[in-house]
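Summary of structural features
One letter stands for each residue in the lines below.
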Amino acid sequence: MNTNLYKHEVTYTRKNLTSIIHKSRLETIVKMFEEYIDQDSSSWVDFGCSNGFIIDQIQKRSKIKFSEIKGFDHSKGLIDLAVNKNIPNTNFALYDMNKVGSSNLKFDIVSCFETLEHVGNVKNAFRNLFNHLKSNGILLITVPNEIGLIGLIK
């Protein structure tokens with residue numbers, strides 16, 4: 001199996017400065033869920049779910065009882081890893097955010113963590129996010145705020 005598929009999860013589990021930043025970001029995401037999301041029967045879709053790590057962590061760390069969770073990613077290898085985690089009440093599927101897809105599924109929560117900077121067509125990506133959001137839903141988006149030499153190089 002391609003070891004690059006594990007990269008996303010590794011950024012949260014290493015013991016270095018980058019890991020500290022990612023762990024802090026994860027704690028902030030969990031706090032956002034706790035503060036803004038209804039504790040009972042919320043449906044959630046995560047765009048760019050990678051191998052399901054963030055979904056799994058939120059399931060384990062929050063008190064929210066999700067009625068349905070969907071994880072979308074562009075990589076079949078990552079989706080396969082996510083499926084193998086057997087996260088309760090969660091389904092994973094391939095999804096290309098660069099193309100506007102079907103919007104027949106609507107969710108209380110739509111999230112996109114550290115993904116938009118990798119998408120080629122940001123306009124279509126935002127259409128997909130909004131198209132899957134219920135009219136009174138919550139959209140949670142994070143993007144890296146990298147400064148200094150690392151940000152300049154990227």
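Source: prediction; values computed, not measured. (Residues numbered from 1 in each chain as written. Predicted model: local features only at pLDDT ≥ 70, side-chain atom pairs only at ≥ 80, totals over all residues. Heavy atoms only, no water.)

Structural notes on the overall build of the protein
The secondary structure content of the protein amounts to 6 helices and 5 strands. Helices and strands appear in the protein in the N-to-C order α-α-β-α-β-α-β-β-α-β-α. Across the 154 residues of the protein, 42% fall into the buried class. For the protein, restricting intrachain contacts to residue pairs at least 6 apart in sequence, the fraction spanning at least 24 positions comes to 69%. (Helix = DSSP H or I, 4+ residues; strand = E, 2+ residues; numbered from the N terminus. Buried < 20%, exposed > 50% of the residue type's maximum accessible area, 1.4 Å probe, protein only. Contact = heavy atoms within 4.5 Å.)

Overview of unusual backbone geometry
Trans peptide bonds make up most of the peptide bonds, and negative phi angles are found at most residues other than glycine. Positive phi, close to 55 degrees, is recorded for Ser50, a residue that is not glycine. Counting through the fold element by element, Ser50 comes out in the loop between β1 (40-47) and α3 (53-61). For Ser50, a relative accessible area of 6% puts it in the buried group. The phi dihedral of Asn86 is positive, around 50 degrees, even though this residue is not glycine. Taking the relative accessible area as the measure of exposure, Asn86 reaches 64% and is therefore exposed.

Quick look at the nonpolar core
Ranked by size, the top nonpolar core spans 22 residues in total, and within it Phe33, Trp44, Ile58 and Phe66 carry the most contacts. Elements with a contribution of two residues or more to this core: α2 (17-36), α3, β2 (65-73), α4 (76-84) and β4 (107-113). Excluding residues that lie within four positions of it along the chain, Trp44 makes contacts with Phe33, Ile55, Ile58, Phe66, Glu68, Ile69, Lys70, Phe107, Ile109 and Ser111. With 14 residues, the next largest nonpolar core counts Phe47, Tyr95, Met97 and Ala125 among its residues. (Core = buried A, V, L, I, M, F, W, Y, C linked by side-chain atoms within 4.5 Å.)

Concerning helix α5 (residues 122-131)
Along α5, the residues that are buried comprise Asn124, Ala125, Asn128 and Leu129. One side of α5 carries all its buried residues, which in axial view fall inside an arc of 140 degrees. Where α5 begins, one side-chain oxygen reaches toward the backbone nitrogen of Lys123, 3.3 Å away; that side chain belongs to Asn121. (Arc of directions from axis to C-beta. Polar contact = N/O pair within 3.5 Å; in protein donor to acceptor, adjacent residues only side chain to side chain.)

Remarks on the environment of Met97
As for its position among the elements, Met97 is in the loop between β3 (90-94) and β4. For the pair Met97 and Phe126, spaced 29 residues apart in sequence, the C-alpha separation works out to 8.4 Å. Among all residues touching Met97, those that are not within four sequence positions of it are Phe47, Cys112, Thr115, Leu116, Val119, Asn121, Asn124, Ala125, Asn128 and Leu129.

Here we look at the environment of Ser19
Topologically, Ser19 is positioned in helix α2. In this view, Ser19 contacts Thr11, Tyr12, Thr13 and Arg14; residues no more than four positions away in its chain are not counted.

What to know about the side chain of His132
Mapped onto the elements, His132 comes out in the loop between α5 and β5 (133-142). Given the relative accessible area of 1%, His132 is considered buried. Those residues in contact with His132 that sit more than four places away from it in its chain are Phe47, Phe72, Tyr95, Ser102, Ser103, Leu105, Lys106, Phe107 and Val110.

Re the confidence of the model for the protein
Summary statistics for the protein give a mean pLDDT of 86 and a share of 86% for residues scoring 70 or more. The secondary-structure element of the protein with the lowest mean pLDDT is helix α6 (residues 148-153), recorded at 58, while β3 shows the highest, at 97. (pLDDT = per-residue confidence, 0-100.)

Re the environment of Lys76
Tracing the backbone shows Lys76 in helix α4. Using a relative accessible area of 53% as the deciding quantity, one classes Lys76 as exposed. With 19 residues separating them along the chain, Lys76 and Tyr95 place their C-alpha atoms 9.4 Å apart.

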